Amino acid sequence: MNSTALAATVRLNYHGGMAASQGVRMSEDAKGADTEFVRVLCEMRGLGRALTLFPDIVTTAFARGRRPIGSFPETFAATTEPASRFAADPESVE
Amino acid sequence: MTEVSSLPIAQAAQLIRARELSPVELTEALLARIAVLDPVYHAFIAVTAEIARAEAKAAETEIARGKWRGPMHGIPYALKDIFDVAGLPTTCHSKLRMNHRATADATAVRRLREAGAVLLGKLALHEFANGGPTLDLPWPAARNPWNIDLHPGGSSSGCGTAVAAGMAPATLGTDTGGSVRNPATCCGVIGIKPTYGAVSRTGVFPLAFSLDHVGPITRTVEDNAILFQAIAGHDPADPTSARRTHADCLAGLRQGINGVKIGVIAHFYEEDQAADPQQVAAIRAAIALLEELGAEVKPVRLSPLAQWMDCGRIIHYAEAYAIHERDLQERPQDFAPITRRRLMSGAFIAASEYVKAQQLRTVLCEQYRATLADVDALVTLSSYDLPCRIDDDDAIARTYERQCRMPFNVAGAPAISVPTGFSREGLPLAMQITGRAFDEAMVYRVAHAYCDAAGWCERRPPLLASAPQPAMAK
C-alpha cells in the first residue's frame with residue numbers, strides 16, 4: 001500500500017547566510033564515481049574483495065559516503081570544539 | 001486469545017501484587033498468543049519459553065511469600081536480539097552472529113532480571129540494527145500488525161510488532177537514528193529514546209557509539225515509564241553512563257499539562273521536507289488538543305532538518321564502519337546487500353568530515369539546549385510518510401532520510417513517539433514529544449496527558465490468526 005499524494009514541496013534556501021561546506025558535493029549517482037579512484041581507495045581500505053564481489057554496492061556506498069555536510073549554521077566555525085566525547089548534558093558528567 | 005494477555009503492565013502489576021493474577025498465568029497466555037500469531041508476524045527470532053516459565057514460577061513463588069519487587073515483578077517482556085542474555089546467542093539478525101553465545105547479561109537485562117521480569121524471547125531487527133527488511137537473512141523480517149504487507153518500521157522491527165500484536169506488553173529496542181521511534185510510529189504504539197547516558201548500553205551490540213540509545217516500547221505511556229524506570233540509572237561499566245540519580249517519571253505522570261510551555265518545530269514538516277498531508281493534519285489536531293489541555297504552545301525554530309540529518313549521517317556511517325570493517329573486508333558476502341551498502345558507506349568518509357560533523361554537533365546541541373530554556377517540551381513529526389510496503393526497497397531506503405527523529409539522537413535528548421490517529425487506510429500516524437536532557441519526566445507527562453485525552457492507544461490492529469500470502473513470500 002502506498003501513501004497518498006504528498007503535499008507540494010516548499011522551496012527553501014537553506015544556504016543563505018550559512019558557511020558553505022568545504023567538501024566537494026558529489027552526486028548520489030554511483031555512475032558518476034571515478035572507477036579507478038574507487039578501486040584504489042578500496043584497495044587501500046582492504047575492500048578489494050568486496051569491490052570484486054559487489055562492484056555496484058561498493059560504488060553506491062562510495063557515492064553515499066563521500067556526500068559532504070551540505071551546510072552549516074552561522075555560528076559554526078572551523079575552530080568549534082568537536083563533541084568528541086558526547087554527553088547530552090555536560091554538567092551531569094563528573 | 002485470552003483477555004489477560006492484553007493487560008497493560010500497570011494493571012497487571014496491581015493484580016499480580018494483589019495475587020489476583022499469577023505471573024505464570026500471564027506468561028502462559030502470552031506464550032499461547034505468540035504460538036498463534038508469530039508464524040504470521042515473525043516478531044520473534046527465538047521464544048525463550050523455558051526461561052519464561054521458570055522466571056514466572058519464581059516470581060509467583062516469591063510474591064506468594066510476600067516479597068513484591070516492584071511493577072515489573074512477574075511482567076513478561078522481550079528483547080531486540082542485540083541485547084546479551086547469558087547463555088543465549090545475540091544474533092543481531094545476522095548470519096555473521098549465528099554461533100555467538102553471550103557470557104553475561106546486558107546491564108538493562110540484569111536490571112530487569114533483578115526487577116523480577118519474565119523474558120519471553122529475542123526479537124527480529126534489521127541486520128545489526130542497520131539494514132532493512134530482507135529475504136537474505138536466516139530469520140524472516142517482522143511484519144506490521146496493521147497490514148501484513150507493510151513495513152513495521154525499524155530497526156527494532158520485532159519490538160514494535162510484538163507490542164502492537166499483543167505478543168508482549170513490553171519490549172526493549174535500540175535507537176541510533178530513530179530505531180525505537182520508527183517501529184513505534186509504524187505500529188501505533190509508544191516508543192521512547194531516553195537521554196544519552198540515561199540507560200546503560202553495556203552488553204548491547206553497538207551500531208554508532210555516540211548515537212546509540214536503549215529504549216522501551218509499550219502500548220501505554222505509563223507502561224513505558226515503568227519499564228524505563230526499571231532500566232535507567234548509572235552503570236560504571238558503561239563509560240557514557242551519566243552519574244546521576246534519575247527523577248521519578250511516575251510521580252508526576254498524571255499532573256496534566258496546564259501551563260506547560262510547549263514549542264512546536266513545525267518547519268521540520270512544513271518547510272524542510274514535504275510530509276504526507278494526513279501526518280500533518282494529525283499533528284495539527286494533536287497540537288490543538290495540547291492547547292485544549294492547557295498547554296501554552298508556541299512555534300520554535302531549530303537549524304534546518306538537513307543539517308541535523310547530515311550531522312547524524314556522517315557520525316553514524318563512520319562509527320558503524322569502524323565496528324564492522326574487518327567483516328566487510330574478509331566476508332562481505334555474509335551481510336545482506338542492504339546492510340552491506342549502508343555499512344560500507346563509512347569506509348569513504350574523510351576523517352575531516354567526521355570531525356566537522358562532531359563540531360556541527362556541538363553547535364546543534366547548544367542550539368537545542370538554548371531552545372529548551374524557554375519551553376518545557378517540544379513536539380514535531382516522527383515520520384513524513386505512512387508505513388510503506390515491506391518489499392519496496394526504494395521506499396524502505398527513503399524511511400531513513402524522510403524522518404524527524406535523527407535530530408534527537410544528535411542532541412542526545414529524550415524523544416517519545418506517540419500515536420496521533422489513523423490514516424484513511426487505517427494506518428497509524430504519530431508525532432514526537434521531546435524534552436531537556438534527563439527530563440524524561442516532563443516528556444512522559446506531556447505524552448500521558450495527550451494520549452489519555454486522545455485515546456488512540458486504545459485501538460488494536462485487526463490481527464490475522466493464520467498465514468495469508470504476504471508480500472516477499474517465496
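Residues numbered from 1 in each chain as written. Chains lettered and ligands numbered in written order. Predicted model: local features only at pLDDT ≥ 70, side-chain atom pairs only at ≥ 80, totals over all residues.

Time to look at the overall build of chain A. When helices and strands are tallied, chain A shows three helices and zero strands. Of all 94 residues assigned to chain A, the portion counted as buried reaches 28%. Partitioning the intrachain contacts of chain A with sequence separation of at least 6 by distance along the chain shows that 74% fall at a separation of at least 24. (Helix = DSSP H or I, 4+ residues; strand = E, 2+ residues; numbered from the N terminus. Buried ≥ 20, exposed ≤ 12 C-beta atoms within 10 Å, placed from the backbone. Contact = placed C-beta atoms within 7 Å.)

Next up on the list: the interface of chain B and chain A. Listed per partner, the contact involves 60 residues of chain B and 47 residues of chain A. Ranked by the residues each element gives to the side of chain B that touches chain A, the list is headed by helix 12 (residues 351–371) of chain B, at 12 residues. The residue makeup of the side of chain B that touches chain A, split by class, is 29 nonpolar, 16 polar and 15 charged. (Nonpolar A, V, L, I, M, F, W, Y, C, P; charged D, E, K, R; others polar.)

Our next topic: the sheet that holds strand 3 (residues 118–123) of chain B. All names here are of chain B. Strand order in the open sheet made by the 11 strands is 1-3-2-4-6-5-10-11-9-7-8, with mixed pairing throughout. Strands with a single pairing partner mark the edges of an open sheet, and in this sheet they are strand 1 (44–47) and strand 8 (296–299). On average, each strand axis in the sheet is tilted by 25 degrees relative to the strand beside it, whichever way the strands run. Where strand 4 (residues 170–175) meets strand 6 (residues 213–218), six bridges bridge the pair, whose relative direction is antiparallel. Its bridge partner being in strand 6, Thr 171 is matched across the sheet by Ile 217. Packed onto the sheet, helix 15 (residues 440–454) meets strand 7 (261–264), strand 9 (377–381), strand 10 (415–422) and strand 11 (428–435) and runs at close to 145 degrees relative to strand 11. (Pairing = 2+ DSSP bridges. Axes fitted to C-alpha atoms, helices over the stretch in contact; angles between N-to-C directions.)

A word on the environment of Ser 210 of chain B. Examined against the element boundaries, Ser 210 of chain B turns out to sit in the loop between strand 5 (190–193) and strand 6. Taking the C-alpha atoms as reference points, Ser 210 of chain B and His 316 of chain B, separated by 106 residues in sequence, lie 8.3 Å from one another.

This next bit is on the confidence of the model for chain A. Mean pLDDT over chain A works out to 69, with 53% of the residues at or above the 70 mark. Under a pLDDT of 50 for its full length, residues 1–30 of chain A has, in the predicted model, 58 contacts with residues more than four places off or in other chains. (pLDDT = per-residue confidence, 0-100.)

The next point concerns the packing of helix 10 (residues 305–330) of chain B against helix 12 of chain B. All names here are of chain B. Contact geometry for helix 10 and helix 12: axes closest at 9 Å, N-to-C directions at 135 degrees. Between helix 10 and helix 12, the crossing angle belongs to the class labelled oblique. In terms of crossing hand, the pair formed by helix 10 and helix 12 is left-handed. Side by side, helix 10 and helix 12 meet where Gln 307, Trp 308, Cys 311, Ile 314, Ile 315 and Ala 318 of the first sit next to Glu 353, Tyr 354, Ala 357, Gln 358, Leu 360, Arg 361 and Leu 364 of the second. (Parallel < 35°, antiparallel > 145°, perpendicular 65-115°, else oblique. Left-handed = near helix turned anticlockwise from the far one by under 90°.)

Moving on, we get to helix 7 (residues 221–231) of chain B. Structural remark: α-helix, 3.6 residues per turn; residues separated by three or four positions point the same way. All names here are of chain B. With 11 of its 11 residues buried, helix 7 lies for the most part within the structure. Taken together, the buried positions of helix 7 are Val 221, Glu 222, Asp 223, Asn 224, Ala 225, Ile 226, Leu 227, Phe 228, Gln 229, Ala 230 and Ile 231. Lining the buried residues of helix 7 we find helix 1 (9–17), helix 4 (107–114), strand 4, strand 5, strand 6 and helix 15. Phi turns positive, to about 125 degrees, at Gly 233, one or two residues after helix 7.

Attention shifts here to the pairing of strand 2 (residues 76–80) of chain B. All names here are of chain B. Counting buried positions over the five residues of strand 2 gives five, a clear majority of the element. Where strand 2 meets strand 3, five bridges bridge the pair, whose relative direction is parallel. Bridging across to strand 3, Lys 80 finds its partner in Leu 123. Crossover connection from strand 2 via helix 4 to parallel strand 3: handedness right-handed. Judged from the two bridges that link them, strand 2 and strand 4 form a sheet pairing that is parallel. Considered in strand 4, the bridge of Leu 79 is made with Leu 172. (Right-handed = clockwise from strand over helix to strand, strands pointing away.)

All names here are of chain B. Where helix 9 (residues 277–292) meets helix 15, the axes come as close as 10 Å, and the angle between the chain directions of the two elements is 105 degrees. Considering the angle they form, helix 9 stands roughly perpendicular to helix 15. Contacts from Ala 286, Leu 289 and Leu 290 of helix 9 reach helix 15 at Tyr 450, Ala 453 and Ala 454. In terms of residue class, the contact of helix 9 with helix 15 is made up of six nonpolar, no polar and no charged.

Residues Val 58 of chain A together with Tyr 77, Leu 120, Leu 123, Ile 262, Val 446 and Ala 447 of chain B are the most contacted members of the largest nonpolar core, which totals 177 residues. Of the residues forming this core, the biggest block, 11 residues, is contributed by helix 10 of chain B. Setting aside residues no more than four positions away along its own chain, Val 58 of chain A makes contact with Val 38, Cys 42, Leu 47, Ala 50 and Leu 51 of chain A together with Met 344 of chain B. (Core = buried A, V, L, I, M, F, W, Y, C linked by C-beta atoms within 7 Å.)

Among all residues save glycine, negative phi is the norm, and among peptide bonds the norm is trans. All names here are of chain B. In the segment running from Gly 154 into Ser 155, the intervening peptide bond is cis, with an omega of 10 degrees. Tracing the sequence through the fold places Ser 155 in the loop between strand 3 and helix 5 (157–164). Although it is not a glycine, His 42 sits at a positive phi angle of roughly 55 degrees. Structurally, the position occupied by His 42 is in the loop between helix 2 (23–41) and strand 1. Given 23 C-beta atoms within a 10 Å radius, His 42 is considered buried. The backbone phi angle of Ala 129 is positive, close to 60 degrees, even though this residue is not glycine. With 30 C-beta atoms packed within 10 Å, Ala 129 lands in the buried category.

Here chain B shows a mean pLDDT of 95. Residues at 70 or above account for 97%. Scored as a complex, the prediction yields pTM 0.91 and ipTM 0.80.

Residue and element names in this part refer to chain B. Structurally, the position occupied by Glu 440 is in helix 15. The class of Glu 440 is buried, set by 28 C-beta atoms lying within 10 Å. Residues Glu 440 and Ala 415 lie 25 residues apart in sequence; the distance between their C-alpha atoms is 8.3 Å. Contacts of Glu 440, omitting those with residues within four sequence positions, involve Pro 194, Thr 195, Ala 198, Phe 228, Cys 249 and Pro 414.

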